Amino acid sequence: MLELLAPDTGSETVWDKLLGRPLMIAGIVVVALLARWLVHRAIRKVTTMMEQRSAERDSSGGRATRVIRQAAGLDNERRKQRAATVGSLLRSITTVVIFTIAALTIMAELGVPLAPLLASAGVGGVALGFGAQSLVKDFLSGIFMIMEDQYGVGDVIDTGEAIGTVEEVTLRVTRLRDASGVVWYVRNGEIIRIGNRSQGWSVALIDIPIAYDQSVERALGVLRTVTAAIDDDEPWKNVLLAEPEVAGVESVAGGVVTLRIIAKTAPGEQYALSRELRERAKVALDGAGIRGPALPPYSAGAGI
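Residues numbered from 1 in each chain as written. Predicted model: local features only at pLDDT ≥ 70, side-chain atom pairs only at ≥ 80, totals over all residues. Heavy atoms only, no water.

Some remarks on the overall build of the chain
Turning to step 1, where the next piece is worked out: Helix and strand counts for the chain stand at eight helices and eight strands.
Turning to step 2, where the next piece is worked out: Across the 304 residues in the chain, those meeting the buried criterion constitute 29%.
Turning to step 3, where the next piece is worked out: Here the contacts in the chain between residues at least 6 apart in sequence split such that 65% fall between residues at least 24 apart. (Helix = DSSP H or I, 4+ residues; strand = E, 2+ residues; numbered from the N terminus. Buried < 20%, exposed > 50% of the residue type's maximum accessible area, 1.4 Å probe, protein only. Contact = heavy atoms within 4.5 Å.)

A closer look at the confidence of the model for the chain
Turning to step 1, where the next piece is worked out: A residue-level look at the chain finds 75% of positions with pLDDT of 70 or above and a mean pLDDT of 79.
Turning to step 2, where the next piece is worked out: Taken as a whole, residues 1-10 scores under 50 in pLDDT and shows seven contacts with residues more than four places along the chain or in a different chain. (pLDDT = per-residue confidence, 0-100.)

A few points about the sheet that holds strand E7 (residues 245-253)
Turning to step 1, where the next piece is worked out: If you trace the three strands from one edge of the open sheet to the other, you get E6-E8-E7, paired in antiparallel fashion. Taken across any chain shown, the strands that pair with only one partner, and hence form the sheet edges, are strand E6 (202-211) and E7. Along the sheet, successive strands turn relative to each other by an average axial angle of 25°, direction set aside.
Turning to step 2, where the next piece is worked out: Those strands touched by helix H7 (residues 216-232) are E6, E7 and strand E8 (256-265), and its axis lies near 20° from that of E8.
Turning to step 3, where the next piece is worked out: Sitting on the sheet, helix H8 (residues 270-287) is in contact with E6 and E8, with an inclination near 25° to E6. (Pairing = 2+ DSSP bridges. Axes fitted to C-alpha atoms, helices over the stretch in contact; angles between N-to-C directions.)

What about the side chain of Asn-196?
Turning to step 1, where the next piece is worked out: With respect to the element layout, Asn-196 can be found in strand E5 (residues 195-196).
Turning to step 2, where the next piece is worked out: Within polar-contact distance, the side chain of Asn-196 engages the backbone oxygen of Gln-150 at 3.0 Å.
Turning to step 3, where the next piece is worked out: Polar contacts involving the side chain of Asn-196 include one to the side chain of Asp-155, which spans 3.2 Å.
Turning to step 4, where the next piece is worked out: Leave out the neighbours within four places in its chain, and Asn-196 touches Gln-150, Tyr-151, Asp-155, Val-156 and Ile-157. (Polar contact = N/O pair within 3.5 Å; in protein donor to acceptor, adjacent residues only side chain to side chain.)

Things to note about the packing of H7 against H8
Turning to step 1, where the next piece is worked out: Put simply, H7 and H8 touch, their axes get as near as 10 Å, and they point 130° apart. As summarised for this structure, H7 and H8 are arranged oblique, according to the angle between their axes. For H7 against H8, the interelement crossing comes out right-handed. Taking contact as the criterion, the partners of Ala-219, Val-222, Leu-223, Val-226, Thr-227, Ala-229 and Ile-230 in H7 are, on H8, Leu-273, Glu-276, Leu-277, Arg-280, Ala-281, Ala-284 and Leu-285.
Turning to step 2, where the next piece is worked out: Taken together, the residues of the contact of H7 with H8 sort by class into eleven nonpolar, one polar and two charged. (Parallel < 35°, antiparallel > 145°, perpendicular 65-115°, else oblique. Left-handed = near helix turned anticlockwise from the far one by under 90°. Nonpolar A, V, L, I, M, F, W, Y, C, P; charged D, E, K, R; others polar.)

What to know about the pairing of strand E2 (residues 163-169)
Turning to step 1, where the next piece is worked out: In this structure, strand E1 (residues 156-158) lies alongside E2, joined through three bridges in antiparallel fashion. When the bridges of E2 are listed, Asp-158 appears paired with Ile-163.
Turning to step 2, where the next piece is worked out: Bridge count for E2 against strand E3 (residues 173-177) is four bridges, and the pairing is antiparallel. Among the inter-strand pairings, Val-166 is bridged to a residue of E3, identified as Leu-176.
Turning to step 3, where the next piece is worked out: Where E2 folds back onto E3 in an antiparallel hairpin, the turn is made up of three residues.

Some points on the pairing of strand E4 (residues 183-187)
Turning to step 1, where the next piece is worked out: By the bridge criterion, five bridges tie E3 to E4 in an arrangement that is antiparallel. From the neighbouring strand, Arg-175 faces E4, where its bridge partner is Tyr-185.

Focus: the packing of aromatic side chains
Turning to step 1, where the next piece is worked out: If you walk through the whole model with that rule in mind, you get zero aromatic pairs.
Turning to step 2, where the next piece is worked out: Stacked on the ring of Trp-201, the Lys or Arg Lys-264 has its end atom at 4.2 Å from the ring centre. (Phe/Tyr/Trp six-rings, centres within 6.5 Å; stacked < 30°, edge-to-face > 60°. Lys NZ or Arg CZ within 6 Å of the ring centre and 35° of its normal.)

Things to note about the sheet that holds E4
Turning to step 1, where the next piece is worked out: Read from one edge to the other, the open sheet built from five strands follows the order E4-E3-E2-E1-E5, with strand pairing classed as antiparallel. The open sheet has two edge strands, E4 and E5, and neither has a second partner.

Let's talk about H8
Turning to step 1, where the next piece is worked out: End to end, H8 covers 25 Å across 18 residues, agreeing with the expected 26 Å (1.5 Å per residue, within 8%).
Turning to step 2, where the next piece is worked out: For H8, the set of buried residues is Gln-270, Leu-273, Ser-274, Glu-276, Leu-277, Ala-281 and Leu-285. Viewed along the axis of H8, the buried residues span an arc of 165°, placing them on a single side of the element. Exposed and facing more than 90 degrees away from the buried side of H8 are Arg-275, Glu-279, Val-283 and Gly-287.
Turning to step 3, where the next piece is worked out: Where H8 ends, the next residue or the one after it, Gly-289, has phi of about 80°, a positive value. (Expected span 1.5 Å × (residues − 1). Arc of directions from axis to C-beta.)

Section: the pattern of salt bridges
Turning to step 1, where the next piece is worked out: Within this structure, the stated rule accounts for 13 salt bridges.
Turning to step 2, where the next piece is worked out: In this structure, the salt-bridge partner of Arg-193 is Asp-158, at a minimum N-O distance of 3.9 Å. With a gap of 35 residues between them, Arg-193 in the loop between E4 and E5 and Asp-158 in strand E1 connect regions that are remote in the sequence.
Turning to step 3, where the next piece is worked out: Between Arg-187 and Glu-190 there is a salt bridge whose closest N-O contact spans 3.4 Å.
Turning to step 4, where the next piece is worked out: The exposure class assigned to Arg-187 is partly exposed, which follows from its relative accessible area of 31%.
Turning to step 5, where the next piece is worked out: Connected through salt bridges with shared partners, the residues Glu-167, Glu-168, Arg-175 and Arg-177 form a single ionic network. (Salt bridge = Lys/Arg side-chain N within 4 Å of Asp/Glu carboxyl O.)

Considering a nonpolar patch on the surface
Turning to step 1, where the next piece is worked out: Taken together, Leu-90, Ile-93, Val-97 and Ile-101 make up a surface patch of nonpolar side chains, about 320 Å² in accessible area.
Turning to step 2, where the next piece is worked out: Summarising the element assignment, Leu-90 is placed in helix H4 (residues 76-109). (Patch = residues over 30% accessible without salt bridge, like charges linked within 9 Å, V, L, I, M, F, W, Y side chains within 5 Å. Areas by Shrake-Rupley, 256 points an atom, 1.4 Å probe, with all protein chains shown as cover.)

Right, dumping it as structure tokens:
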């Protein structure tokens, strides 16, 4: 438009020097800022919609669905943190892309030859890619891990090299602490597989041995009373997905009849529930007069 208004003198006029080029550069900057604002606004709307849809799904479902989502880290707080992380990452990427394009456009407007610059940048990019390919691999793996929500802080995961609780997740490394208290720093690009023990649900298998000559039916009835009671008690009903099932006789060997209880729990809660069920089963079976397996005879010379 400015070229049409200025007189055609065959050379750059004073108007072009004083106003044309500065106005063009200012226009490029304004367009870049406007594009950045629009893109960031769209990203915020998308992340907000993701949170709302997840909240609607959380409002539906029964007891098992609620327990699993809360225990697996899919509650409202973790969902907000993940959406904020993904949104921040996307906003940073779009900002870099938009301002890079704007800078190249301004340089072209100023008459800077871009071909040698882009060629040098391409060669430098290739060299940097070869030299830092492991770093790029770590960053890309970290981005996909965060976006796909493979695990989060507080999850117990198995990376193949280490098993522990996630303490921190960054784009480059994941920090774990194992059961011995050792802190592991695992590069995201080196993680081939992930076993997340804190998503979904867990199963507790509780085996209760009784003597061979005891009534199996009576023992099973006692255990069913125990499982029904624990399903109604706090805090166990908040970690149980359903009432524990008394499966029946698991094995008969060596004068011992083993009865099995199967309980589906929230992830990571199977160990505490197993201990509680064993304690309650022991007390209830003793109260019903059902004996456990006989102890092997003690020999004074056994320890010699």
